[in-house]
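The residues making up each chain are set out below.
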Amino acid sequence: MEYGGINNSINLAGNGGFTISGLTSGVPYVEPEEPEEPKKDPFEIIPTEDGGFVNQYGDAINEDGHLINENGELINEEGQRVNENGILMNENGELVNEEGKRVNENNVLIDEQNRPINANGVLIDENGTPINEDGTPREDVLNEDGTILKADGTTEHPDGSISFPDGRIIHPDGSIEQPDGTINHPDGSVTQPDGTVIEAEKKYGTPLVTADSVSITDVKNSQSMIAMLDTMIQAVDSKRAELGAVQNRFSSTVNNLSSISENVAAARSRVRDADYAAETASLTSSQIIQQASSTILAQANQRPQAALALLGN
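This write-up is about the structure you can find in this document. (Residues numbered from 1 in each chain as written. Predicted model: local features only at pLDDT ≥ 70, side-chain atom pairs only at ≥ 80, totals over all residues. Heavy atoms only, no water.)

**Some points on the packing of aromatic side chains**
For the structure shown, the criterion picks out zero aromatic pairs. Above the ring of Phe-164, the side-chain terminus of Arg-168 is found at 4.2 Å from the ring centroid. (Phe/Tyr/Trp six-rings, centres within 6.5 Å; stacked < 30°, edge-to-face > 60°. Lys NZ or Arg CZ within 6 Å of the ring centre and 35° of its normal.)

**Structural notes on the sheet that holds strand 1 (residues 46–47)**
Read across the open sheet, the three strands follow the order 1-2-3; overall the sheet is antiparallel. Two strands close off the open sheet at either side, each with one partner strand: strand 1 and strand 3 (60–61). (Pairing = 2+ DSSP bridges. Helix = DSSP H or I, 4+ residues; strand = E, 2+ residues; numbered from the N terminus.)

**Considerations on the pattern of salt bridges**
Evaluated as defined, the whole model comprises nine salt bridges. With its nearest N and O atoms 3.6 Å apart, the salt bridge here joins Glu-94 to Arg-102. With a relative accessible area of 27%, Arg-102 lands in the partly exposed category. The shortest N-O distance in the salt bridge between Glu-242 and Lys-239 comes to 3.3 Å. Residue Glu-242 and its partner Lys-239 are located together in helix 1 (residues 219–272), separated by three residues, close to a single helical turn. Each of the two residues, Glu-242 as well as Lys-239, counts as buried. One salt-bridge network, held together by shared partners, links Asp-111, Arg-115 and Glu-133. (Salt bridge = Lys/Arg side-chain N within 4 Å of Asp/Glu carboxyl O. Buried < 20%, exposed > 50% of the residue type's maximum accessible area, 1.4 Å probe, protein only.)

In structure tokens form, the structure reads like this:
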């Protein structure tokens, strides 16, 4: 596998975030090195039997060595029609940029009157400075609502965000909100109009050895293979440590909740249920007092009878 993958299997944001499918957590981003394009040899102009020309690769060219199509029009290596300076042309022969917008010979955007403009449609001079219709420099304008209409055609809001005529909004945190509500964040993640967040794809460069090129036929490949295995072992150990830490936190939370539940049950029992020990002691005390009272009363009743017996004798 050439790259790590996308965080779409398990996403524990509170734990720094990681995915089982790509083993990408905690691994620093490594920008893959772009291979240097091999330098192409100058086109050789080779005459053909029909009076035309081709290069050493068999592509049709003109007498100056420029690529051409079947109609003899200049094209680039992608087959797109261009002029002699390499600027793209549309089907009407007008110069355009890669987005299909009309440009002049200097590859600068132009309006319907062929006047140079910037990307926001504001007139500019030869130095790229925004100007008014009369050629005077364009200045910023403060609106009553606190927004500032910038000279370049953008609008700066009090919260620091900047909106563009095409509907885009750049927020202070660097995120870009598209006209359809999609938000592109600086970390590469995307928030869709419905609120769904798509995590950024994390790339970790091209490994020395891939599944299609495993070889131990020489020392270099063998060392690369060992290094790759060591890296994978470290990645597995790292994931096991992270999962162990998460499991420990879950266990601690479960134990804490169990203790709370037990204490709540005990408190509920004390509130709702009778305390048999206290009630038994109270009952015994009441019985003793009642029996003692009866005995004393009986003795008290016997004394008058004894006195009367003595008097009778």
